[in-house]
Amino acid sequence: MTTDTPTPDAPATESLSIVIPMYNEEDNVAPLLARVHEGLAGYAGPWELILVDDGSTDATVARLRDEARRYGSHVRVVTLQRNFGQTAAMQAGIDHARGTVVAMLDGDLQNDPVDIPRMVARLVAEDLDMVAGWRKNRQDNLWLRKVPSRIANRLIARITGVHLHDYGCSLKVFRGDVIRDVRLYGEMHRFIPAWVASLTSPARIKEMVVNHHARRFGESKYGLSRVYRVLLDLLSVYFFMRFRARPGHFFGRIGLVFGAIGGVALTWLLGVKLFLGEDIGTRPLLLVGILFVVMAVQFLTTGVLSELLTRTYFESGTTRSYTVRPPRGEQPEPGWKQPAGRAARA
């Protein structure tokens, strides 16, 4: 998977929605919005900024509303009832986004909005579905953040089959019609590339080297406590990517393995009983063999039930087992931040 290419000469003109989830970032609000407008000053298409407050307990909401009034209607503030977590905040922003292209980044000023236009330009020029940021020169603590992140990135890439250098970078750009088909829940924001790959080809997912800055204000919301969450979520991602439409194969494989082991054990004990005349009633292997056979029956029946549930799920009409690529070039809705000089030219 290639990581970087020269930015195309022709600027992208797609309608762009920028989604930024924020939680207790009061000191970052004003410089963040200033940086976003500075980075998007030369963007050739209409754009909007969606700021999602994830139940902040400080003055983040008040400052977001003040800045939104100062900049105009293209800055929209979505306030959640309580702290639902970063994944839910991202999903709320995606649900409110209207652009044909959706960009996401953190609100801590470590991601640089100036990278967004060139990521969008590559997305459009190469007809991709996602461009992920790669913090090649990451400004974080080596042992607390960098080393665990590198290990996690390699593990996730190996299991999901989507090979990126930096799964943890929040700066990502998507086709709007693709990311809207991805439903985020729990703490699955770390695996967005994998979820996108379940709807499109991994070949349509690329990455680019982006800027990364040290945190200036506030405190980091991440720590080593998230390691076990990543491992548990990774199991869920693996299951849904490989067996979402055929869960019976997942449970069936396990059931067949247990059944084979239990069957071999019981067959061997039967031979001992019939041909050698030995007593097998007190042998631990008898209990183990019976236990494995019972477990095999349980896994196989679970697989059958899961297949029935999956068939009901897909036949309900609300979800399909496939996605269709829509035509490009949809027109933006009113209420966008227009590029400088457009009104004069019109």
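Residues numbered from 1 in each chain as written. Predicted model: local features only at pLDDT ≥ 70, side-chain atom pairs only at ≥ 80, totals over all residues. Heavy atoms only, no water.

Student: Whenever I open this one, the side chain of Asp106 confuses me. Can you help?
Tutor: In this fold, Asp106 is placed in the loop between strand E4 (101-104) and helix H4 (116-125). Polar side-chain contacts of Asp106 include one of 3.0 Å to the side chain of Gln86. (Helix = DSSP H or I, 4+ residues; strand = E, 2+ residues; numbered from the N terminus. Polar contact = N/O pair within 3.5 Å; in protein donor to acceptor, adjacent residues only side chain to side chain.)

Student: Is there a simple way to think about the pairing of strand E6 (residues 172-175) in this case?
Tutor: Looking down a regular strand, the side chains alternate between one sheet face and the other. Taking every second residue as pointing to the same face, both faces of E6 are buried, with Lys172 and Phe174 on one and Val173 and Arg175 on the other. Where strand E5 (residues 130-134) and E6 come together, three bridges link them in antiparallel fashion. Each bridged residue has a counterpart across the sheet, and for Met130 the counterpart in E6 is Phe174. (Buried < 20%, exposed > 50% of the residue type's maximum accessible area, 1.4 Å probe, protein only. Pairing = 2+ DSSP bridges.)

Student: Explain the packing of helix H1 (residues 29-39) against helix H2 (residues 60-71) here, please?
Tutor: If you want to describe how two helices pack, look at the angle between their axes and the distance between the axes. Remark: H1 packs on H2, axes separated minimally by 9 Å, with the N-to-C direction vectors making an angle of 35°. Between H1 and H2 the crossing geometry is right-handed. When H1 is examined against H2, the residues Val29, Ala30, Leu33, Ala34 and His37 are found in contact with a partner set consisting of Thr60, Arg63, Leu64, Glu67 and Tyr71. (Axes fitted to C-alpha atoms, helices over the stretch in contact; angles between N-to-C directions. Left-handed = near helix turned anticlockwise from the far one by under 90°. Contact = heavy atoms within 4.5 Å.)

Student: Would you explain helix H9 (residues 247-276) in this entry?
Tutor: Within an α-helix, residues lying three or four positions from one another point in the same direction, as the helix has 3.6 residues per turn. Over its 30 residues, H9 extends 43 Å from the first C-alpha to the last, a length consistent with the 44 Å expected when each residue adds 1.5 Å. Along H9, the positions that sit buried rather than exposed are Pro247, Gly248, Phe251, Gly252, Gly255, Gly262, Ala265, Leu269 and Val272. One or two residues past the end of H9 sits Gly277, with phi positive at roughly 70°. (Expected span 1.5 Å × (residues − 1).)

Student: Looking at this structure, I do not really get H2. What am I missing?
Tutor: If you check H2, its first and last C-alpha atoms are 16 Å apart, about what 12 residues at 1.5 Å a residue would give, namely 16 Å. Turning to H2, its buried residues number three or more, namely Thr60, Val61, Leu64, Glu67 and Ala68. Down the axis of H2, the smallest arc covering the buried residues is 130°, so these residues share one side. What points out from H2, more than 90 degrees from its buried face, is the exposed set Arg69 and Arg70. Close packing links the buried residues of H2 with strand E1 (16-22), H1, strand E2 (47-53) and strand E3 (75-79). Positioned one or two residues after H2, Gly72 has a phi angle of 125°, which is positive. (Arc of directions from axis to C-beta.)

Interpretation in functional terms is not warranted from these geometric data alone.
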